[in-house]
Structures are given as structure tokens and as C-alpha cells.
Amino acid sequence: MLPRTDVSKQDIREHIWDYMESQNLADFPRPVHHRIPNFKGSYLACQNLKDLDVFARTQEVKVDPDKPLEGVRLLALQVIPLPWAEPTPGRQGGRRFQNKKTLLVPTPRLRTGLFNKITPPPGATKDILRKCATSQGVRNYSVPIGLDSRVLVDLVVVGSVAVSEKGWRIGKGEGYADLEYAMMVSMGAVSKETPVVTIVHDCQVVDIPEELLEEHDITVDYILTPTRVITTGCERPKPMGITWSKISREMMEKIPILRSLRAREQQAGKDVTLQGEHQHPPDPGRQQTVPPSAGRRPQDTPGPEANSVEAACGSPPGEGAPLAADVYVGNLPRDARVSDLKRALRELGSVPLQLTWEGRQHRAFLHYQDSAAAQRAVSCLQGLCLGTDTLRVALARQQRDK
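Residues numbered from 1 in each chain as written. Predicted model: local features only at pLDDT ≥ 70, side-chain atom pairs only at ≥ 80, totals over all residues. Heavy atoms only, no water.

Asker: For this particular structure, what's the right way to read the overall build of the protein?
Answerer: Along its length, the protein carries 11 helices and 19 strands. Taken across its 402 residues, the protein has 51% of its residues classed as buried. In the structure as shown, the protein presents an accessible area of about 20,100 Å², 48% of it carried by carbon and sulfur atoms. (Helix = DSSP H or I, 4+ residues; strand = E, 2+ residues; numbered from the N terminus. Buried < 20%, exposed > 50% of the residue type's maximum accessible area, 1.4 Å probe, protein only. Areas by Shrake-Rupley, 256 points an atom, 1.4 Å probe, with all protein chains shown as cover.)

What follows is the structure, given as C-alpha cells:
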């Protein structure tokens, strides 16, 4: 894939997902869209890790729960021979072995904390260890690690949708890997010297325009594929901690550990102002952009039985509220979700009484208490963007016959 000035992160994601499916490179679970894609040969790619000196020196390793990283989690739980070591008389098989690692896996969506420590039962067989490396094993054979635990991670292994040989990475768009890394920095669990590894298929190594990178994006030092081991030599600084101005109130509610970290940093005298706090009302003439990654998950896609916010079907415009109190929002991107618009409305202080989502028509209707509230919303939302698309916002009565 050649870099283009008009390409977006989502364009690159869709290209990778579509290619892996069309070429039958994807593996369970499928389809791989909206996931860190599993691929045929992922276990082989994971095996390349044991040849890296950084893995041999590792005591504690943090590995994401993604399916293609299952082989890495298994390696961390096993006692394996050092392939580069000289045979040592008197040791098992005449070879030197490295001890199993302390394996830390982030909790799903960070709902109940940051890490789970995987603890196989005493005398665990190879079959049990393989089970411990799966998502089910992570649930059944783990204990939570609190903020007060003295965690010092020697190696970070993340999943990716796309990565460049320069070490620039694109995830599935939800930002959890970036946030987890930033949280580890805030906890003192990692430093700028902590190496970051990703496991991908060869087709996921692509050119990524530098202008797509943001300050909070994590970069990688090693890329492992079924056929290659790439040392990126990336010199771009990794995140130095949590950028609180990127954290919304909604995210704080969903991730309790963020509240604890924020309280600690506030006590330490750091600026912990959240997104949207202490801001002046937006200038109607200025474009406001909502990050395209906000809340884009498959489960957020409205089904036929739920086409409005909070799973409540809103009344059609004009029913239950005067037409003058309805606001039309058009030109919604084809991949937009209800959660994208909902978050934008919250951040701009224009939350309606109800929201009717008509995604197939690329539009939505906002229902306010009265015409004055609707008019204020129209003024506030002018210039609003979802991703790269500027939305069309007007009073619904002005759009009814269009």
C-alpha cells in the first residue's frame, strides 16, 4: 500500500481487513473486521519471540488478550530452552533453560482494573498451560493486580491492525492499547526504554503516513511475522503518560481505574483537566472535530430493534414533540455509529431528550424540549465533524420537504 495524503487510519484498517478476508488469510474468529485480526500462521509468528534477546531477559511481560497473541502468552508460561546458549554440562539435556515469565494480561475493556496475573495451577500440564493462554484461561486462571502492586513490566506485546517498518502502529480504533500503555507509564510500570513488540501477518506491514500519528499513539520496536523479524529502530517518543484532556467523562465512568489514577496525579499537582472541562462555548463558525475512533465497536451498531440512543426507539420527528423542537443531522459517514454522535452531543452540551437514528439514510433527528433549545443546538453544532465529514445541521422543519 502506497502512502497517500488523503488516506485515513480507517481506510488502512478497512484495506487490511478486506484483504485478509478476500485472500483467506484470516483465522478464527471471523470476520476480522473491527478486530485485531487473527491470521493463519500467527502461532509461527509468535515463536519468533523466543529468539529475541529482549524476551530472554524478560521477567514480567504484558501481553494483550487478542487471539493472534495466544502463542506469546503460552511462551511466557513455559520453561523453554535458550536457543543461543551454549550447552551446560549437568543441566537438563545439556542445555540452559529460561524460567517462565510473570504474565500480565489487561482486563477486558479495563472495566475491573488494569491487569490480571495469569497463575496456572501447580504442576500444570502442557494442555493446561495452553488453556491458560486462551481467553477462557485468562478468565479462569488469573488474579487481579491492583494499583499498589509493584509491577515492573520488562516487555509489552500488543496486537495491531497495521504497522509500518518504521514502527508506526494502527489498532482497531478503540484506543485501548494506547491507553493501557499510558496508564502503565503513570503507574511507573514501564519506562521509555521498555521494548514494545507486535505480532502481525506480513500483509499487515504497510506504509503509514506520518501525519496520521497522534501524540498518544504507541509505537513498536519489533515486528514479528511468520517470515520476518523486523527491528524498527523507531525513535518517535512513546506516550509519556495519560493525556487527561483526551479523556471524556463517559470514559471515566466506564473505566474505574482511571478515576484512581486521576486522583493520584491530581494529588501530585499534575493537570488532570478532562476533555470538555473549563472550556468556553464553541464558536459556531469554527469546525469542531470528534475523533473518528470514538466508540466504533461492532456491538454499537444499531440493530433493527434498536435505532436510538440508550436502546430506546425515539418517536419519529413530530410525534410527541413539536416539529419546531426537532433538529435534522445529515451527511453522517457510512461507518458512523450512534455512539459517535452521542459522544459529540455530550461534549458540546447539546444532549437531546431523544435521538432517532436513521443510519441507512445517513441522518438522525434530535428531539429537544422546545424550539428555543433546538435553535441553540443548531447554532452549537454548526461545523461539527465526525471523522473527516462535516455534518449538515438544521431545524427539521427546514428539511422535511427536501
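Asker: Where do I start with the sheet that holds strand S19 (residues 392-395) in this structure?
Answerer: Working definition: the strands of a sheet are paired by backbone hydrogen bonds and lie parallel or antiparallel to each other. Strands sit in the order S15-S16-S14-S19 across an open sheet of 4 strands; the sheet is antiparallel. The open sheet has two edge strands with one neighbour each: strand S15 (354-358) and S19. Averaged over neighbouring strand pairs, the angle between their axes works out to 20° when direction is ignored. Here strand S14 (residues 326-330) pairs with strand S16 (residues 363-367) via 5 bridges, running antiparallel. Bridge pairing links tyrosine 328 to phenylalanine 365 in S16. On top of the sheet, helix H10 (residues 338-347) reaches S15 and S16; it is set at about 145° to S15, its chief contact. (Pairing = 2+ DSSP bridges. Axes fitted to C-alpha atoms, helices over the stretch in contact; angles between N-to-C directions. Contact = heavy atoms within 4.5 Å.)

Asker: For this particular structure, what's the right way to read helix H4 (residues 70-77)?
Answerer: A turn of α-helix holds 3.6 residues, and therefore any two residues three or four places apart point the same way. The buried count for H4 comes to 7 of 8 residues, which makes it a mostly enclosed element. Of all the positions in H4, only Gly71, Val72, Arg73, Leu74, Leu75, Ala76 and Leu77 are classed as buried.

Asker: Hey, could you run me through the side chain of threonine 194 in this one?
Answerer: Relative to the helices and strands, threonine 194 resides in the loop between helix H7 (176-187) and strand S10 (196-199). When its relative accessible area of 7% is taken as the criterion, threonine 194 is described as buried. In this structure, threonine 194 is in contact with Val153, Asp154, Leu155, Val156, Asp221 and Lys238, ignoring residues within four places of it in sequence.

Asker: Would you explain the packing of H7 against helix H9 (residues 256-267) in this entry?
Answerer: Two elements in contact, H7 and H9, have axes whose closest approach is 11 Å; the angle formed by their N-to-C orientations is 40°. It follows that H7 is oblique to H9 by the angle criterion. Of the two elements, H7 crosses H9, and the hand of that crossing is left-handed. When H7 is examined against H9, the residues Leu179, Met183, Ser186 and Met187 are found in contact with a partner set consisting of Ile257, Leu258, Leu261 and Glu265. In the contact of H7 with H9, the residues fall into 6 nonpolar, 1 polar and 1 charged. (Parallel < 35°, antiparallel > 145°, perpendicular 65-115°, else oblique. Left-handed = near helix turned anticlockwise from the far one by under 90°. Nonpolar A, V, L, I, M, F, W, Y, C, P; charged D, E, K, R; others polar.)

Asker: So what exactly am I meant to see when it comes to the packing of aromatic side chains here?
Answerer: Aromatic ring pairs are defined here through the distance separating the ring centres and the angle between the ring planes. Evaluated as defined, the whole model comprises 1 aromatic pair. Above the face of the phenylalanine 55 ring, lysine 101 is positioned so that its terminal group lies 4.7 Å from the ring centre. (Phe/Tyr/Trp six-rings, centres within 6.5 Å; stacked < 30°, edge-to-face > 60°. Lys NZ or Arg CZ within 6 Å of the ring centre and 35° of its normal.)

Asker: Honestly, the nonpolar core in this entry has me stumped. Any pointers?
Answerer: Counting 44 residues, the largest nonpolar core has Ile12, Leu49, Leu103, Leu155, Val157, Val197 and Ile199 as its most contacted members. With 5 residues, H4 is the largest single contributor of residues to this core. What valine 197 contacts, discounting residues up to four positions off in sequence, is Leu49, Leu155, Val156, Val157, Val158, Tyr222 and Leu224. Residues Val151, Tyr181, Val205 and Trp244 belong to the second largest nonpolar core, which totals 37 residues. (Core = buried A, V, L, I, M, F, W, Y, C linked by side-chain atoms within 4.5 Å.)

Asker: Sorry, what's going on with helix H11 (residues 371-381) here?
Answerer: Buried within H11 are the following residues: Ala373, Ala374, Ala377, Val378, Cys380 and Leu381. Taken end-on, H11 shows its buried residues confined to a sector of 165°, consistent with a single buried face. For H11, the capping residue at the N-terminal end is aspartate 370, with a side-chain oxygen 2.8 Å from the backbone nitrogen of alanine 373. Note on H11: the residue one or two positions beyond its end, glycine 383, has a positive phi of about 85°. (Arc of directions from axis to C-beta. Polar contact = N/O pair within 3.5 Å; in protein donor to acceptor, adjacent residues only side chain to side chain.)

Asker: Teacher, can you tell me more about the environment of valine 378 here?
Answerer: Counting through the fold element by element, valine 378 comes out in helix H11. Judged by relative accessible area, valine 378 falls into the buried class, the value being 8%. Separated by 51 residues in the primary sequence, valine 378 and valine 327 place their C-alpha atoms 7.0 Å from one another. Contacts of valine 378, omitting those with residues within four sequence positions, involve Val327, Val393, Ala394 and Leu395.

Asker: Sorry if this is basic, but what is going on with the sheet that holds strand S7 (residues 155-158) here?
Answerer: Across the sheet, 8 strands lie side by side as S6-S5-S4-S1-S7-S10-S11-S12; this open sheet has mixed pairing. Here the strands that pair on one side only, and so sit at the sheet edges, are strand S6 (142-145) and strand S12 (229-231). Neighbour-to-neighbour, the strand axes of this sheet turn through a mean angle of 25°, independent of strand direction. Judged from the 3 bridges that link them, S7 and S10 form a sheet pairing that is parallel. Looking at S10, one finds that valine 157 is bridged to valine 197. Its contacts with the sheet put H4 on strand S1 (60-63), strand S4 (102-106), strand S5 (115-118), S7 and S10, and the angle it makes with S4 is roughly 150°.

Asker: How do you make sense of unusual backbone geometry when you look at a structure like this?
Answerer: Comment: phi is negative for the bulk of residues other than glycine, and the bulk of peptide bonds are trans. Of the consecutive residues phenylalanine 28 and proline 29, the connecting peptide bond is found in the cis state with omega at 0°. Here proline 29 shows up in the loop between helix H1 (9-22) and helix H2 (42-47). Cis geometry is adopted by the peptide bond preceding proline 31, which originates at arginine 30 and carries an omega value of 0°. As for its placement among the helices and strands, proline 31 is situated in the loop between H1 and H2. For asparagine 24, which is not glycine, the phi dihedral falls at a positive 55°. Assignment of secondary structure puts asparagine 24 in the loop between H1 and H2. Backbone geometry at histidine 34 places phi at a positive 65°, although glycine is not the residue there. Within the fold, histidine 34 resides in the loop between H1 and H2. What makes histidine 34 partly exposed here is its relative accessible area of 24%.

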